[in-house]
Amino acid sequence: MRFRHALVTACVLGLSSASGAQDVPAMQIRNAWVRWLPGNLPAGGYVTLVNNSDQPISLIAASSPDYALVSIHRSRTTGGISQMLPVNKITVGAHSTVEFAAQGYHLMLERPTRALRPGDRVSVTLQFAGSAAVTASLAVRGPGAGTEMPAMPGMPDMTH
Ligand SMILES: [Cu+2]
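Conventions used here
- Within each chain, residues carry numbers counting from 1 in the order of the written sequence.
- Since the coordinates come from a predicted model, pLDDT governs what is reported: local features require at least 70, and pairs of side-chain atoms require 80 or more to be given and counted, while whole-chain, interface and lining totals use all residues.
- Each side-chain value is worked out from all heavy atoms of the structure, with water and hydrogens disregarded.
- Think of a nonpolar core as a cluster: buried Ala, Val, Leu, Ile, Met, Phe, Trp, Tyr and Cys residues, connected wherever their side-chain atoms sit within 4.5 Å.
- Under the scheme applied here, a residue whose accessible area is under 20% of the maximum for its type counts as buried, over 50% as exposed, and between as partly exposed, the area being computed with a 1.4 Å probe on protein chains only.
- The numbering of helices and of strands both runs from the N terminus, where a helix is a DSSP run of H or I of at least 4 residues and a strand a run of E of at least 2.
- Here, two residues are considered to be in contact whenever any of their heavy atoms come within 4.5 Å of each other.
- As a rule, N, O and S atoms within 2.8 Å of a metal are its donors, except that Na, K and Ca use 3.2 Å; water is not among the atoms, so sites may look incomplete.
- DSSP bridges decide pairing: two strands pair if at least two such bridges lie between them.
- We define a salt bridge as a contact between a side-chain nitrogen of Lys or Arg and a carboxyl oxygen of Asp or Glu at a distance within 4 Å.
- Across the chain, each position has a pLDDT score giving the predictor's confidence in that residue, from 0 to 100.
- Aromatic pairs are defined between Phe, Tyr and Trp rings, using the six-membered ring for Trp, whenever the two ring centres lie within 6.5 Å; interplanar angles under 30 degrees are classed as stacked, those over 60 as edge-to-face, and all others as tilted.

Description of the nonpolar core
Nonpolar side chains in soluble globular proteins tend to be buried together. By size, the foremost hydrophobic cluster in this structure holds 35 residues, and its most contacted members are Ile29, Leu49, Phe100, Leu126 and Phe128. Of all the secondary structure elements, the ones that give two or more residues to this core are β1 (27-35), β2 (43-51), β3 (57-63), β4 (67-78), β6 (90-92), β8 (105-112), β9 (121-129) and β10 (131-141). Look past the residues within four positions of Ile29 in its chain and what remains in contact with it is Val47, Thr48, Leu49, Leu126, Phe128, Val134 and Ala136.

Here's what the structure looks like:
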């Protein structure tokens, strides 16, 4: 029993040092932005989740005062057909990072509650299991922002 108690204490200490003593939050949000599309089309939201703690942390929900509907999606391309599927959670391993991307995880932001355009900022609150919610400010960018144009290393140099 004594051994078991010691283990629990160690866990609690580990958690608090990750978020308290060093002043580093357990979960940090970086590179937060939205690809705005015209005509009230759903916008894709992208963030990088940085887990500084010793435990896995799962993103389980997202909400925003700027969109009536926010969901967590994953894009998948199978047999040349791209589709988006809702995701229940995204688990970020201890001391790991998950980067959202057009061909991967994204937030689906629908029904904006105010007129938005590139240059604005929107606010999204991310709920985590076992960790405090984090509100991030996302930069609204134009439709062409962040498109993942593959580098073409095989292209011959056309200049002579
Ligand atoms: Cu989507």
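Some words on the coordination of the copper ion
Every protein donor of the copper ion is accounted for by His73 (ND1), Met84 (SD), His106 (NE2) and Met108 (SD), and the metal-donor separations fall at 2.1 to 2.3 Å. On the primary sequence, the residues serving as donors to the copper ion are separated as H-x10-M-x21-H-x1-M. Linking His73 in strand β4 with Met108 in strand β8, this pair joins segments that are 35 residues apart in sequence.

Description of the pairing of β2
Within β2, nine of the nine residues are buried, leaving the element largely enclosed by the surrounding structure. Of the two faces of β2, the one holding Ala43, Gly45, Val47, Leu49 and Asn51 and the one holding Gly44, Tyr46, Thr48 and Val50 are both buried throughout. Where β1 meets β2, seven bridges bridge the pair, whose relative direction is antiparallel. Pairing of Ile29 across the sheet is with Leu49, part of β2. Of the pairings in the sheet, the one linking β2 to β8 comprises three bridges and is antiparallel in character. Across the sheet, the residue bridging to Gly45 is Leu107, located in β8. Here β2 runs beside strand β7 (residues 97-99); their pairing, made up of three bridges, is antiparallel. Looking across to β7, one finds that Leu49 is bridged to Val98.

Quick look at the pattern of salt bridges
A full pass over the atoms with the stated rule returns one salt bridge. Asp66 is the salt-bridge partner of Arg114, the closest N and O atoms lying 2.8 Å from each other. One end of the pair, Arg114, is in the loop between β8 and β9; the other, Asp66, is in the loop between β3 and β4, and 48 residues separate them in sequence. The partly exposed category is assigned to Arg114, whose relative accessible area is 36%. Asp66 gets classed as buried once you look at its relative accessible area, which sits at 8%.

Regarding the confidence of the model for the protein
Of the residues in the protein, 78% have a pLDDT of 70 or more, and the chain-wide mean is 83. Segment residues 1-21 is flagged for pLDDT under 50; beyond a separation of four residues in sequence, or across chains, it makes nine contacts in the model. Below a pLDDT of 50 lies the segment residues 149-160, which in the model reaches zero contacts outside its immediate sequence neighbourhood of four places, other chains included.

Observations regarding the packing of aromatic side chains
Applying the stated criterion across every chain yields a total of two aromatic pairs. Centre to centre, the rings of Phe100 and Tyr105 are 6.0 Å apart; their planes meet at 50 degrees, and the pair counts as tilted. You can call Phe100 buried: its relative accessible area is 6%.

Digging into the environment of Tyr46
By secondary structure assignment, the location of Tyr46 is in strand β2. Spatially, the C-alpha atoms of Tyr46 and Leu138 are 8.3 Å apart, while their sequence positions differ by 92 residues. The contacts of Tyr46, once residues within four sequence positions are left out, are Asn31, Ala32, Trp33, Arg35, Phe100, Ala101, Ala102, Tyr105, His106 and Leu138.

Quick word on the environment of Leu138
Within the secondary structure layout, Leu138 lies in strand β10. With a relative accessible area of 0%, Leu138 lands in the buried category. Considering only alpha carbons, one finds Leu138 and Arg121, 17 residues apart in sequence, at a separation of 5.4 Å. Residues contacting Leu138, with those up to four places away along its chain left out, are Ala32, Trp33, Val34, Gly45, Tyr46, Asp120, Arg121, Val122 and Val124.

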